[in-house]
Amino acid sequence: MTVEAFTEADAGWLRRAFRGAAAARARGDRPFAAVVVDGSGAMLAEAGSTQGASGDGTLAHSEMNVLGAVIRAGVRRDRLGGATIYSSGEPCAMCAAAIFYSGIGRVVYGLSAGAILALRNARPETAGLTLGCREVLLRAHAPPHVLGPCLENEGAEPHRGYWTEGA
C-alpha cells in the first residue's frame with residue numbers, strides 16, 4: 001500500500017473547506033463544510049452544513065450536501081474515481097458510506113472525529129457516533145484512500161466555542 005503525501009494543493013482545498021465551515025457557523029449552521037475536486041484539480045462543488053437551517057441531522061451534513069450537488073450537476077461516477085473530497089471534519093459513518101457509494105476515490109479531512117468529540121464534551125447529547133471514517137471505508141471493496149487528520153489546529157478554529165454556545 002502506498003502512503004500518499006499531503007500536498008500544498010491539498011492544503012489549499014482543505015483551507016477552503018475550513019472557510020466554508022466558518023461561513024456555515026456564521027449563518028447559524030454547524031461548523032462543517034466540504035469541497036469536491038476532480039483529478040485535474042477542478043472544483044466540482046462545495047457545500048456547508050445546513051443542519052441549523054433545516055433541522056435535518058441526516059441529509060444536511062456538509063458531505064451529503066456536496067455529494068448531492070455533484071450528482072445534480074451530472075458528474076459521472078467514472079470521473080469521481082479520480083476525485084477528492086476535502087472535508088473540514090472527519091466524515092461520520094453515514095457520510096463515509098455515501099462517499100464510498102458516490103465513487104469518490106480519495107478523502108482528505110481536517111479535524112479528527114476524536115478532536116470533534118473533545119470539543120463537544122460540554123454537550124454530550126451532540127457526541128454522535130464514535131465510528132471513524134477509516135473504520136467504515138476499510139470494510140468496503142476497493143475503499144477510497146483516506147488522508148487525515150490534516151491541519152487539525154486550523155480545522156478546530158470554526159468549532160472553538162461553538163459547542164458551548166448552545167449549538
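The rules we used
Residues numbered from 1 in each chain as written. Predicted model: local features only at pLDDT ≥ 70, side-chain atom pairs only at ≥ 80, totals over all residues. Heavy atoms only, no water. Axes fitted to C-alpha atoms, helices over the stretch in contact; angles between N-to-C directions. Helix = DSSP H or I, 4+ residues; strand = E, 2+ residues; numbered from the N terminus. Parallel < 35°, antiparallel > 145°, perpendicular 65-115°, else oblique. Left-handed = near helix turned anticlockwise from the far one by under 90°. Contact = heavy atoms within 4.5 Å. Nonpolar A, V, L, I, M, F, W, Y, C, P; charged D, E, K, R; others polar. Buried < 20%, exposed > 50% of the residue type's maximum accessible area, 1.4 Å probe, protein only. Polar contact = N/O pair within 3.5 Å; in protein donor to acceptor, adjacent residues only side chain to side chain. Phe/Tyr/Trp six-rings, centres within 6.5 Å; stacked < 30°, edge-to-face > 60°. Pairing = 2+ DSSP bridges.

Visitor: What exactly am I supposed to notice about the packing of helix α3 (residues 62-72) against helix α5 (residues 93-102) here?
Guide: For any two helices packed against each other, one specifies the crossing angle of their axes together with the interaxial distance. At their nearest, the axes of α3 and α5 sit 9 Å apart, and the two run at 20 degrees to each other. One finds that α3 runs roughly parallel with respect to α5. In the packing of α3 onto α5, the handedness of the crossing is left-handed. On α5, the residues touching Glu63, Met64 and Leu67 of α3 are Met94, Cys95, Ala98, Ile99 and Ser102. Here the contact of α3 with α5 is composed, by residue class, of six nonpolar, one polar and one charged.

Visitor: Explain the environment of Ser112 to me, please; I cannot follow it from the model alone.
Guide: Looking at the secondary structure, you find Ser112 in the loop between β4 (106-111) and α6 (113-120). Here Ser112 falls in the buried class, since its relative accessible area comes to 15%. Distance in space between the C-alpha atoms of Ser112 and Glu90 is 5.1 Å, their sequence separation being 22 residues. When near neighbours in sequence (up to four residues on either side) are disregarded, Ser112 contacts Glu90, Pro149 and Glu152. Within the structure, the side chain of Ser112 is placed 2.7 Å from the side chain of Glu152, a separation counted as a polar contact.

Visitor: Teacher, can you tell me more about the side chain of Ser88 here?
Guide: Among the structural elements, Ser88 can be located in strand β3 (residues 84-89). Here Ser88 is in contact with Ala17, Phe18, Ala21, Pro31, Phe32, Ala33, Gly110 and Leu111, once residues within four sequence places are set aside.

Visitor: Got a minute to help me understand the packing of aromatic side chains in this structure?
Guide: The geometry of two aromatic rings is summed up by the distance between their centres and the angle between their planes. Tallied over the full model, the rule gives three aromatic pairs. Seen in terms of ring centroids, Phe100 and Tyr101 are 5.0 Å apart; in terms of plane orientation they differ by 70 degrees. Their pairing is edge-to-face. Judged by centre distance (4.7 Å) and plane angle (90 degrees), the ring pair of Tyr162 and Trp163 falls under edge-to-face. Side by side, Tyr162 and Trp163 carry an identical accessibility label, which is buried. Among the aromatic residues, ring-to-ring pairing joins Phe32, Tyr162 and Trp163 into one connected group.

Visitor: Is there a simple way to think about the pairing of strand β2 (residues 43-48) in this case?
Guide: Look at any regular strand and the pattern is simple: side chains alternate between the two faces of the sheet. Of the pairings in the sheet, the one linking strand β1 (residues 33-37) to β2 comprises five bridges and is antiparallel in character. Of the residues in β2, the one forming a bridge with Val37 is Met43. Adjacent in sequence and paired antiparallel, β1 and β2 are bridged by five residues, among which Gly41 carries a positive phi angle near 95 degrees.

Visitor: Quick question: what am I supposed to make of the sheet that holds β4 here?
Guide: Note: strands within a sheet are paired through backbone hydrogen bonds, in either parallel or antiparallel orientation. Reading across the sheet, the five strands line up as β2-β1-β3-β4-β5 and stay open at both edges, with mixed pairing between neighbours. In this open sheet, the two strands that pair with only one neighbour each are β2 and β5 (145-147). Averaged over neighbouring strand pairs, the angle between their axes works out to 15 degrees when direction is ignored. The pairing of β1 with β3 spans four bridges and is antiparallel. Along β3, the bridge assignment pairs Val37 with Thr84.

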